[in-house]
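Residues per chain, in single letters:
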Amino acid sequence: MKVLDSYVYKKLLVYLFIVFPSFSLLSILVEFIDILRKAKNIEISSILIYILAKLPENAYYIIPISLLIAIFILVNDLVKSREIYPIILNGLSIFYINKKIVLFSLVVIVVQIINLEFVIPKTNKIYQSVYQKLKNHKEEDFKGIAYNMWLKLDKNRFLYFDFLNLDKKEGNNIIYVVFDDEFNPVERMEASKFKILSNEIEVYQAKFVVFNVLDSIKLNQFDRKVVPIFIDTENIKRLIKERKPVSISQLYKVAKVSQKYGYESSYFWSRFYQKVATVVAPFVLTVFIIGFIWSMNKIYIGISFILTIIYWYGTSFISSVAEVGNIPYYFIFTFDVLFTLIGIYKMLKTEINLS
């Protein structure tokens with residue numbers, strides 16, 4: 001069985017390494033034509049950087065389809081070469097091979113997670129920056145939220161807030177501290193809510209502590225007060241761009257923070273659940289399609305591949321509906337559950353037919 005396992009994994013890996021580069025080259029060609037059509041500032045070096053930086057994101061969508069084609073080639077090869085018959089005659093079932101293929105899809109999921117969590121957040125910043133340069137555009141306005149952020153106003157003044165709505169310029173839980181040249185505390189301000197004005201901020205339910213000397217502390221409390229503190233929201237937007245949520249962990253954190261402080265969180269939650277759904281896609285689609293492939297019926301196989309396209313667009317559609325709050329976020333997993341159940345049924349049925 002170890003020989004068979006090694007054989008199956010080796011074949012899948014070889015076919016995947018053949019199919020994936022082919023689709024990647026196609027995506028590179030499409031990206032190249034698209035950027036030439038849109039670019040106003042043609043620089044070959046920038047175009048190459050853009051295409052290479054876009055590859056990890058494209059790979060995220062190419063890998064599941066490449067895996068399905070690799071599985072199809074493997075099964076077709078086993079049947080057409082008649083290698084499947086000695087396997088069955090030696091007491092091993094089709095279901096055993098299916099389990100190994102499904103296990104391989106789980107390894108692909110790990111690769112997808114690594115790409116999404118560690119690679120794409122970095123490469124996305126590169127290609128978006130290069131894209132704006134090629135289009136000869138200024139950076140687009142950024143709207144969203146900032147959270148858990150320390151700001152250095154100058155060498156002696158620091159500011160922290162839990163949450164800031166950059167659209168409304170309102171936030172929650174702000175702390176403002178001032179130090180002397182020897183870095184001893186001079187003043188501290190805390191407020192539950194704040195609003196950014198032109199060159200000031202308005203704070204609510206605020207506490208002001210002034211340290212004259214270490215043993216002399218003055219405390220003042222205000223329901224509402226305007227404080228001469230300038231917060232540069234444009235710089236904050238630039239900082240936020242550097243950590244714009246892309247990965248699952250980033251989206252989850254932003255969704256939790258925005259929900260906690262009453263910000264419109266539907267967009268972030270829908271994106272989070274969609275990312276989770278697409279990450280498990282290699283497993284779901286493998287389970288779904290493998291039974292159809294073993295049937296060796298061209299019509300069934302063609303229909304199954306068409307259904308995988310419906311899976312992608314269906315998940316995106318439900319995510320869009322959930323984004324505006326019309327349905328619960330977990331409905332995004334509808335296609336994952338449905339396709340997995342159909343796949344399990346089909347695998348079991350295929351096993352019975354071939355025994």
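Quick caveat, the model's predicted, so the values are computed rather than measured.

Participant: Could you give an account of the overall build of the protein, with specific residues and numbers?
Facilitator: Secondary structure summary: the protein contains 10 helices and 6 strands in total. Relative to a compact globule of 355 residues, whose C-alpha radius of gyration would be 20 Å, the protein shows 28 Å and is clearly more extended. Considering only C-alpha atoms, the protein reaches an extent of 90 × 45 × 40 Å along its principal axes. Every one of the 355 residues in the protein was classed for burial, and the buried ones make up 45%. Counting only contacts in the protein whose residues sit at least 6 apart along the sequence, the fraction spanning at least 24 positions is 61%. Element-wise, carbon and sulfur atoms account for 62% of the exposed surface of the protein, whose accessible area totals about 19600 Å². Side-chain charges of the protein comprise 42 positive and 31 negative groups, with the mean position of each set lying 8 Å from the other.

Participant: Explain the packing of helix 2 (residues 44-80) against helix 8 (residues 281-294) to me, and be specific about the residues and the numbers.
Facilitator: In the contact formed by helix 2 and helix 8, the axes pass within 10 Å of each other and the chain directions differ by 30 degrees. With respect to their mutual orientation, helix 2 and helix 8 come out roughly parallel. Once helix 2 is placed against helix 8, the crossing between them reads as right-handed. Contacts between helix 2 and helix 8 pair Pro64, Leu67, Leu68, Ile71, Phe72, Val75, Leu78 and Val79 from the former with Pro282, Leu285, Thr286, Ile289, Ile290, Ile293 and Trp294 from the latter. Across the contact of helix 2 with helix 8, the residue classes break down as 14 nonpolar, 1 polar and no charged.

Participant: How would you summarise the nonpolar core if you had to cite specific residues and measurements?
Facilitator: For soluble globular proteins, nonpolar side chains are generally found buried alongside one another. Core analysis: the largest hydrophobic core is formed by 44 residues, its most contacted members being Ile71, Ile101, Trp294 and Tyr311. Elements with a minimum of two residues in this core: helix 1 (2-38), helix 2, helix 3 (84-89), helix 4 (94-134), helix 8, helix 9 (298-323) and helix 10 (334-354).

Participant: A description of the confidence of the model for the protein should follow, citing residues and the corresponding values.
Facilitator: Per-residue confidence for the protein gives a mean pLDDT of 89; residues scoring 70 or more make up 95%. The spread of mean pLDDT over the elements of the protein runs between helix 5 (residues 233-242), the lowest at 76, and strand 3 (residues 170-179), the highest at 96.

Participant: Which residues make up the packing of helix 2 against helix 4, and what values do they have?
Facilitator: Across the interface, helix 2 lies against helix 4 with an axial gap of 6 Å and an inter-helix angle of 160 degrees. It follows from the interaxial angle that helix 2 and helix 4 lie roughly antiparallel. In this structure, the crossing between helix 2 and helix 4 has a hand that is left-handed. Here the contact of helix 2 with helix 4 is composed, by residue class, of 23 nonpolar, 6 polar and 3 charged.

Participant: I'd like to hear about the side chain of serine 46, residue by residue, with values.
Facilitator: Structurally, serine 46 can be placed in helix 2. Here serine 46 falls in the buried class, since its relative accessible area comes to 6%.

Participant: Summarise the pairing of strand 4 (residues 185-196); cite the residues concerned and give the values.
Facilitator: Of the pairings in the sheet, the one linking strand 3 to strand 4 comprises 9 bridges and is antiparallel in character. Paired with isoleucine 175 across the bridge in strand 4 is glutamate 190.

Participant: Describe the pattern of salt bridges, with residues and values.
Facilitator: One pass over the full model with this rule turns up 10 salt bridges. The salt bridge involving aspartate 77 is made with lysine 11; its shortest N-O contact spans 3.3 Å. Placement of the pair is aspartate 77 in helix 2 and lysine 11 in helix 1, with a sequence separation of 66 residues. For lysine 11, a relative accessible area of 23% puts it in the partly exposed group. Of the charged contacts, one joins lysine 54 and glutamate 57 as a salt bridge, the two residues approaching to 3.2 Å between their closest N and O atoms. Of this pair, lysine 54 and glutamate 57 are both found in helix 2, 3 residues apart, which corresponds to roughly one turn of the helix. Glutamate 57 carries the same exposure label as lysine 54, and that label is buried. Among the charged side chains, a salt-bridge network with shared partners connects Glu31, Lys54 and Glu57.

Definitions and limits used
- Numbering of residues starts from 1 in each chain and follows the order in which that chain's sequence is written.
- Local features in this predicted model are restricted to residues whose pLDDT is 70 or higher, and side-chain atom pairs enter the listing and the counts only when it is 80 or higher, whereas totals over whole chains, interfaces and linings include all residues.
- Neither water nor hydrogens contribute to the side-chain values; these are computed over all heavy atoms in the structure.
- Secondary structure elements are defined from DSSP: runs of H or I of at least 4 residues count as helices, runs of E of at least 2 residues count as strands, and each element is numbered from the N terminus.
- Atoms counted for the radius of gyration: C-alpha only. Globule rule: 2.2 Å times residue count to the power 0.38.
- Buried means the residue's accessible area, taken with a 1.4 Å probe over protein chains only, is under 20% of the maximum for its type, while exposed means over 50%, and partly exposed covers the values in between.
- The contact rule is simple, with two residues in contact once any of their heavy atoms fall within 4.5 Å.
- Note on areas: these come from Shrake-Rupley sampling with a 1.4 Å probe, and a residue is covered only by the protein chains present in the view.
- A residue counts as positive if it is Lys or Arg and as negative if it is Asp or Glu; His and the chain ends are not included.
- Charge positions come from single atoms, namely NZ of Lys, CZ of Arg, CG of Asp or CD of Glu.
- Each axis is a line fitted through C-alpha atoms, taken for helices only over the stretch in contact, and angles between the N-to-C directions span 0 to 180 degrees.
- Roughly parallel means an angle under 35 degrees; roughly antiparallel means over 145; roughly perpendicular covers 65 to 115; every other angle is labelled oblique.
- In a left-handed crossing the near helix is turned counterclockwise from the far helix by less than a right angle, and in a right-handed crossing that turn is clockwise.
- When residues are grouped by polarity, Ala, Val, Leu, Ile, Met, Phe, Trp, Tyr, Cys and Pro land in nonpolar, Asp, Glu, Lys and Arg in charged, and all others, Gly among them, in polar.
- By nonpolar core we mean a set of buried residues, namely Ala, Val, Leu, Ile, Met, Phe, Trp, Tyr and Cys, connected to one another through side-chain atoms within 4.5 Å.
- Scored from 0 to 100, pLDDT reflects the predictor's confidence in each residue.
- Two strands are said to pair when DSSP picks up at least two bridges between them.
- Take a side-chain nitrogen of Lys or Arg and a carboxyl oxygen of Asp or Glu: if they are within 4 Å of each other, that pair is a salt bridge.

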